[in-house]
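Take a look at the letters that make up each chain.
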Amino acid sequence: MTDTRQVVVVTGGTRGVGAGIARSFLAAGARVVVCARRPPDRPVEVAGATAEFRPLDLRDAEAAHTFFADVAADHGRLDALVNNAGGTPFGLLAESAPARQAKIVELNLLAPLYASLAAYEVMRGQETGQRMGRESGRGPGAGAASITMIGSVSGSRPSPGSGAYGAAKAGLENLARTMAVEWAPQVRVNTVVLGLARTESAHLHYGDEDGIAQVARTVPLGRLADPSDVGDACVFLASEGARYISGAALHLHGGGERPAFLDAASVNH
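Everything numeric here is computed off the predicted structure, so don't read it as measured data. (Residues numbered from 1 in each chain as written. Predicted model: local features only at pLDDT ≥ 70, side-chain atom pairs only at ≥ 80, totals over all residues. Heavy atoms only, no water.)

1. Concerning the overall build of the protein chain
- When helices and strands are counted, the protein chain shows eight helices and eleven strands.
- Over its C-alpha trace the protein chain gives a radius of gyration of 19 Å, about what one expects of a compact globule, namely 18 Å for 269 residues.
- C-alpha atoms of the protein chain, sized along the principal axes, occupy 65 × 40 × 40 Å.
- Scored against the burial criterion, the 269 residues of the protein chain give a buried share of 47%. (Helix = DSSP H or I, 4+ residues; strand = E, 2+ residues; numbered from the N terminus. Rg over C-alpha atoms; globule rule 2.2 N^0.38 Å. Buried < 20%, exposed > 50% of the residue type's maximum accessible area, 1.4 Å probe, protein only.)

2. A look at the environment of D229
- Examined against the element boundaries, D229 turns out to sit in helix α7 (residues 227–237).
- Taking the C-alpha atoms as reference points, D229 and R37, 192 residues apart in sequence, are found 25 Å from one another.
- Each residue touching D229, except ones within four places of it in the same chain, is listed here: R223 and L252.
- A distance of 2.8 Å separates the side chain of D229 from the backbone nitrogen of D226, its partner in a polar contact. (Contact = heavy atoms within 4.5 Å. Polar contact = N/O pair within 3.5 Å; in protein donor to acceptor, adjacent residues only side chain to side chain.)

3. Quick word on helix α3 (residues 98–123)
- The end-to-end C-alpha separation of α3 is 36 Å, in line with the 38 Å expected for 26 residues at 1.5 Å each.
- In the structure, α3 departs most strongly from a straight axis at E106, where the bend amounts to approximately 40°.
- Taken residue by residue, α3 has Q101, I104, N108, A111, P112, A115, S116, A118, A119, Y120, V122 and M123 as its buried positions.
- The elements touched by buried residues of α3 are α2 (61–75), β6 (80–83), β9 (145–152), α4 (163–182) and β10 (187–194). (Expected span 1.5 Å × (residues − 1). Bend = angle between axes of the 7 residues up to and from the residue.)

4. Describing the packing of α2 against α3
- Taken N-terminus to C-terminus, the directions of α2 and α3 make an angle of 35°; their axes are 8 Å apart at the nearest point. Here the hand of the crossing between α2 and α3 comes out right-handed. Here A61, A64, H65, F68, A69 and A72 of α2 come into contact with α3, specifically with Y114, A115, A118, A119 and V122.
- Looking at side-chain class alone, the contact of α2 with α3 contains ten nonpolar, one polar and no charged residues. (Axes fitted to C-alpha atoms, helices over the stretch in contact; angles between N-to-C directions. Left-handed = near helix turned anticlockwise from the far one by under 90°. Nonpolar A, V, L, I, M, F, W, Y, C, P; charged D, E, K, R; others polar.)

5. Remarks on the nonpolar core
- Of all hydrophobic cores here, the largest spans 31 residues; its most connected members are F68 and V189.
- With seven residues, α3 is the single largest residue contributor to this core.
- Ranked by size, the runner-up nonpolar core spans 26 residues in total, among them V8, V192, V230 and A233. (Core = buried A, V, L, I, M, F, W, Y, C linked by side-chain atoms within 4.5 Å.)

6. Here's the deal with the sheet that holds strand β1 (residues 7–11)
- The parallel open sheet is built from seven strands, whose spatial order is β5-β2-β1-β6-β9-β10-β11. This sheet does not close on itself; its edge strands, each paired only once, are β5 (52–55) and β11 (249–252). Neighbouring strand axes in the sheet, compared pairwise and without regard to direction, differ in orientation by 20° on average.
- Judged from the five bridges that link them, β1 and strand β2 (residues 31–36) form a sheet pairing that is parallel. Paired with V10 across the bridge in β2 is V34.
- Of the strands in this sheet, β1, β2, β5 and β6 touch α2, which is tilted by about 150° from β5.
- Contacts between α4 and the sheet are confined to β9, β10 and β11, with β9 contributing the most and set at about 155° to the helix. (Pairing = 2+ DSSP bridges.)

7. Examining the pairing of β9
- With respect to burial, β9 is a largely interior element, eight of its eight residues being buried.
- A two-sided burial pattern is seen for β9, the buried positions comprising A145, I147, M149 and G151 on one face and S146, T148, I150 and S152 on the other.
- Across four bridges, the pairing between β6 and β9 is parallel. Its bridge partner lying in β9, N83 is registered against M149.
- Strand direction decides the pairing type here: β9 and β10, joined by eight bridges, are parallel. By the bridge assignment for β10, S152 is matched with L194.
- For the crossover that starts at β9, traverses α4 and ends in the parallel β10, the hand is right-handed. (Right-handed = clockwise from strand over helix to strand, strands pointing away.)

8. Some remarks on the environment of G29
- Looking at the secondary structure, you find G29 in the loop between α1 (16–27) and β2.
- Taking the C-alpha atoms as reference, G29 lies 6.7 Å from R5; in sequence the two are 24 residues apart.

This is the structure:
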């Protein structure tokens, strides 16, 4: 019997936000392949379903091409890609070597470009069909394959300590909009613009538990994003319910950031 479950690749899906995305797709009934340079410390799984791990250095365009061709050959198709892999350590621009900044741009902009190009080669040559287990049949856009970029609010505001990262994320969102035009109607491309998130490495960015709590209080909804929040958004964008959504940016930031001048001002409190 043919397995008609959606086939999804999540880059950097072995930990943090990426693992949360992978678990959300598994819970939705998809076949999930996660990739990273190193295997996860423990399997990415939920309710008895486990993501398949395959090693990949996304900065190698030829390796990415081979990876996606192999996934499609082994699973019969490729329905969705989530470009999650990325990140940056803290470092002021003038205090960081140019080579270090170039590597940050490579990981956060060029790597998702390579992955998307390789995925598109597979997606454009296959018939449209299953979107999260529901047969498509509503005209152009319905049943299209899906690529989702994991962007960042750092791409739309000043980002002291992560300047190259913010610039790369700004470029990534623009890249997604262009892909959405060039690759329609076979492939829909969107961006999840992520705000502050709580993962196992949150302490590297926000400090101890008290620091994390203080940062969370700056978010209008009163907490940092959970990886499952990001995963649920990605599952929606890959679903038939999002069949007419392409070239869009979904801001997942709990209401954004309160402007600092409001607290600094001596009136209107």
